[in-house]
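As a plain string of letters, each chain reads:
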Amino acid sequence: TFMPTLAVEGTLSVIADAHVVELDHGDVLEKVHFGNQHLRSGSVHGVKWEDLDGDGQRGPNERGLPGITIFTDRNHNGRLDNNEPHTVTMEDDPTTSEDESGMYRLRGLRPGLHFIFEVLPDGHVQTFPVGPILTEPVRPDDEPIILPPLFPTTPHMVFLEPGEDVKDIDFGNR
């Protein structure tokens, strides 16, 4: 059995979420217990489509675009970096009845706020989403936030709860 022990030289105050401990020189504190909770990862999915008429809404004849990179921008620089979760939009699988072209799924995302971007293909302009971003309140007491466009493409702002699967995070290009 492991019994945690904290030995101190001098005076120490420790403040953690659940424990406040005051110790003096030479004091020893034992049996302070800390609990951890495993937070399940979440996912985001959607479709990247060719917006032929540039109206920012997917029409019935506007096909999904395969081979486009979608990512969550962890460091908020508007670019895909090596350590950031990313995926590539799908090609159609002719053995299924559904057309999977342009579909994507980002898995294994930690709970919290994510900025979901696309890597804009050469010769294209993003038509959906377009800035500025008017955010939905993250929690019921929050106010919406207006973010001006800062990057060549506009991200989706998504708040993931533990284990949540957020759908319809789509991108349109003309």
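Definitions and limits used
- Residues numbered from 1 in each chain as written.
- Predicted model: local features only at pLDDT ≥ 70, side-chain atom pairs only at ≥ 80, totals over all residues.
- Heavy atoms only, no water.
- Patch = residues over 30% accessible without salt bridge, like charges linked within 9 Å, V, L, I, M, F, W, Y side chains within 5 Å.
- Areas by Shrake-Rupley, 256 points an atom, 1.4 Å probe, with all protein chains shown as cover.
- Salt bridge = Lys/Arg side-chain N within 4 Å of Asp/Glu carboxyl O.
- Lys, Arg positive; Asp, Glu negative; His and termini not counted.
- Charge placed at Lys NZ, Arg CZ, Asp CG, Glu CD.
- Helix = DSSP H or I, 4+ residues; strand = E, 2+ residues; numbered from the N terminus.
- Buried < 20%, exposed > 50% of the residue type's maximum accessible area, 1.4 Å probe, protein only.
- Phe/Tyr/Trp six-rings, centres within 6.5 Å; stacked < 30°, edge-to-face > 60°.
- Contact = heavy atoms within 4.5 Å.
- Polar contact = N/O pair within 3.5 Å; in protein donor to acceptor, adjacent residues only side chain to side chain.

Enquirer: Before we go on, may I ask you to explain a negative patch on the surface in this structure?
Expert: A cluster of acidic residues, Glu91, Asp92, Asp93, Glu98 and Asp99, forms a negative patch at the surface. Within the element layout of this structure, glutamate 91 appears in the loop between strand E7 (86–88) and strand E8 (103–109). Glutamate 91 sits in the exposed class, given a relative accessible area of 57%.

Enquirer: Help me out: how do you make sense of the packing of aromatic side chains in this one?
Expert: A ring pair, where both rings are aromatic, is described by two values, the distance of the centres and the angle of the planes. Within the structure shown, the criterion is met by two aromatic pairs. A centroid spacing of 5.9 Å and a plane angle of 40° characterise the contact between tryptophan 49 and phenylalanine 128, whose relative ring orientation is tilted. With tryptophan 49 in strand E5 (residues 42–50) and phenylalanine 128 in strand E10 (residues 126–128), this pair connects stretches of sequence that are 79 residues apart. Aromatic pair phenylalanine 71 and phenylalanine 117: ring centres 5.6 Å apart, planes at 15°, arrangement stacked. With a gap of 46 residues between them, phenylalanine 71 in strand E6 (residues 69–72) and phenylalanine 117 in strand E9 (residues 112–118) connect regions that are remote in the sequence. The exposure classification of phenylalanine 71 matches that of phenylalanine 117, with both residues buried.

Enquirer: Got a minute to help me understand the environment of glutamate 164 in this structure?
Expert: Residue position: glutamate 164 is located in the loop between strand E13 (156–160) and strand E14 (165–166). Judged by relative accessible area, glutamate 164 falls into the partly exposed class, the value being 29%. Non-local contacts of glutamate 164, meaning those with residues more than four positions away in its chain, are made with Gly42, Ser43 and Phe159. A polar side-chain atom of glutamate 164 sits 2.8 Å from the main-chain amide nitrogen of glutamate 161.

Enquirer: Help me out: how do you make sense of the pattern of salt bridges in this one?
Expert: For side chains bearing opposite charge, pairing can occur when the charged atoms are close. Counted by the stated rule, this structure contains three salt bridges. Linking glutamate 118 and lysine 48 is a salt bridge whose minimum nitrogen-to-oxygen distance equals 2.3 Å. Residue glutamate 118 is located in strand E9, and its partner lysine 48 is located in strand E5; the two are separated by 70 residues in the primary sequence. The residues glutamate 118 and lysine 48 share a single accessibility class, namely buried. Linking aspartate 165 and arginine 105 is a salt bridge whose minimum nitrogen-to-oxygen distance equals 3.0 Å.

Spatial relationships are all this shows, so hold off on functional conclusions.
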